[in-house]
Amino acid sequence: MRRLGELVLWPTISLIGGLAAWSAVSYGVLDPDRRFLLPPPIEVLRYSLLDWSRLAPMLEALAVTAQVAFVGFGVAVVVGVGTGVLMSRAKWIERIVYPYAVVIQVIPILAIVPLIGLWFGYGMTARTLVCVLIAVFPIVTTTHFGIRSVDRGLHELFTLSEASRWDRLVALELRAAMPAIMTGVRTASGLVVVGAIIGDMFFVRGQAGIGTLLDVYRSQLQSHDLIAAIVLASVFGVAVFALFGAVQKLLVGSWHESGA
């Protein structure tokens, strides 16, 4: 109970402090005719988050963004873990693949957005690809690191048992690398939400995502709706990150209990 109280108490205090500072800037720093730049939280709540006619389109758009994010995340996990496993199989594969993985990570995604649109159109496929490009690198690196870090004594034990390469991979390497892999997956779960919102902003064909609405609200100076949409997107991102944090604890806890 004490631990639970600490987990709830400090975030609540920081939230109250942040809302107080926000209100102070809105009412005390900005003139009334410029308050639209940062409307106070009570107005955002009243005119956007509690107004169903404005909240409903945001929730529908957030559902579209969530769909893109989860599809992109699934692809990123499959590609990332598969690439990490291939890199761990042989040094020559690592030397070929790893530089391109680094290039994907260091090139700003906005710089290649026009190219993605040219090749894949401006619909859901392009949005999903942006998610994959942003989220795949931490999964690749942590999978590769985890497999390469397996204790040599365990490898020798599997060699003495004449285990096949498949059995060695599944029963030893992937199980032993699970804590590292889940660290990369959890990191990617936060990045994929960012990728989905970026994709919404730049690829507007098809159903509008929350990023599309953010761009519309910005262009029309709808500050209340803009901040409300940002709040919803942030809550969604935090929820996804927390979900995979719980999954990580569950899987890693099971791994420790099994003695892998």
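Located above this text is the structure these notes cover.
Residues numbered from 1 in each chain as written. Predicted model: local features only at pLDDT ≥ 70, side-chain atom pairs only at ≥ 80, totals over all residues. Heavy atoms only, no water.

(A) Layout of the packing of aromatic side chains. Evaluation of the coordinates by the stated rule reveals three aromatic pairs. Centroid distance Phe70 to Phe236: 6.3 Å. Interplanar angle 90°. Geometry classified as edge-to-face. Taken together, the residues span a long stretch of sequence, with Phe70 in helix α3 (residues 52-89) and Phe236 in helix α11 (residues 223-258) at a distance of 166 residues. What makes Phe70 partly exposed here is its relative accessible area of 41%. (Phe/Tyr/Trp six-rings, centres within 6.5 Å; stacked < 30°, edge-to-face > 60°. Helix = DSSP H or I, 4+ residues; strand = E, 2+ residues; numbered from the N terminus. Buried < 20%, exposed > 50% of the residue type's maximum accessible area, 1.4 Å probe, protein only.)

(B) Helix α10 (residues 210-219), seen in detail. Listed in full, the buried residues belonging to α10 are Ile210, Gly211, Thr212, Leu213, Leu214 and Tyr217. The first or second residue beyond α10 is Leu221, which carries a positive phi of 55°.

(C) Broad picture of the side chain of Glu94. Within the secondary structure, Glu94 is located in helix α4 (residues 91-106). Given a relative accessible area of 18%, Glu94 falls into the buried group. If we ignore the near neighbours within four places in the chain, the residues touching Glu94 are Met87, Pro99 and His144. (Contact = heavy atoms within 4.5 Å.)

(D) Up close: the nonpolar core. Membership of the largest hydrophobic core comes to 39 residues, with the highest contact counts inside it found for Met58, Val192 and Ile210. Among the elements of the structure, α3, α6 (124-148), α9 (178-202), α10 and α11 are those that each provide at least two residues to this core. The greatest single-element share of this core, amounting to 11 residues, is contributed by α3. In this structure, Ile116, Ala126, Val130 and Ile134 belong to the second largest nonpolar core, which totals nine residues. (Core = buried A, V, L, I, M, F, W, Y, C linked by side-chain atoms within 4.5 Å.)

(E) Expanded view of the side chain of Arg35. For Arg35, the location among the structural elements is in the loop between α1 (2-29) and α2 (41-49). Glu43 provides the closest opposite charge to the buried, salt-bridge-free Arg35, at an N-O distance of 5.7 Å. Separated by 2.9 Å, the side chain of Arg35 and the backbone oxygen of Ser26 make a polar contact. Beyond its immediate sequence surroundings of up to four residues, Arg35 is in contact with Ser26, Tyr27, Leu30 and Pro40. (Lys, Arg positive; Asp, Glu negative; His and termini not counted. Salt bridge = Lys/Arg side-chain N within 4 Å of Asp/Glu carboxyl O. Polar contact = N/O pair within 3.5 Å; in protein donor to acceptor, adjacent residues only side chain to side chain.)

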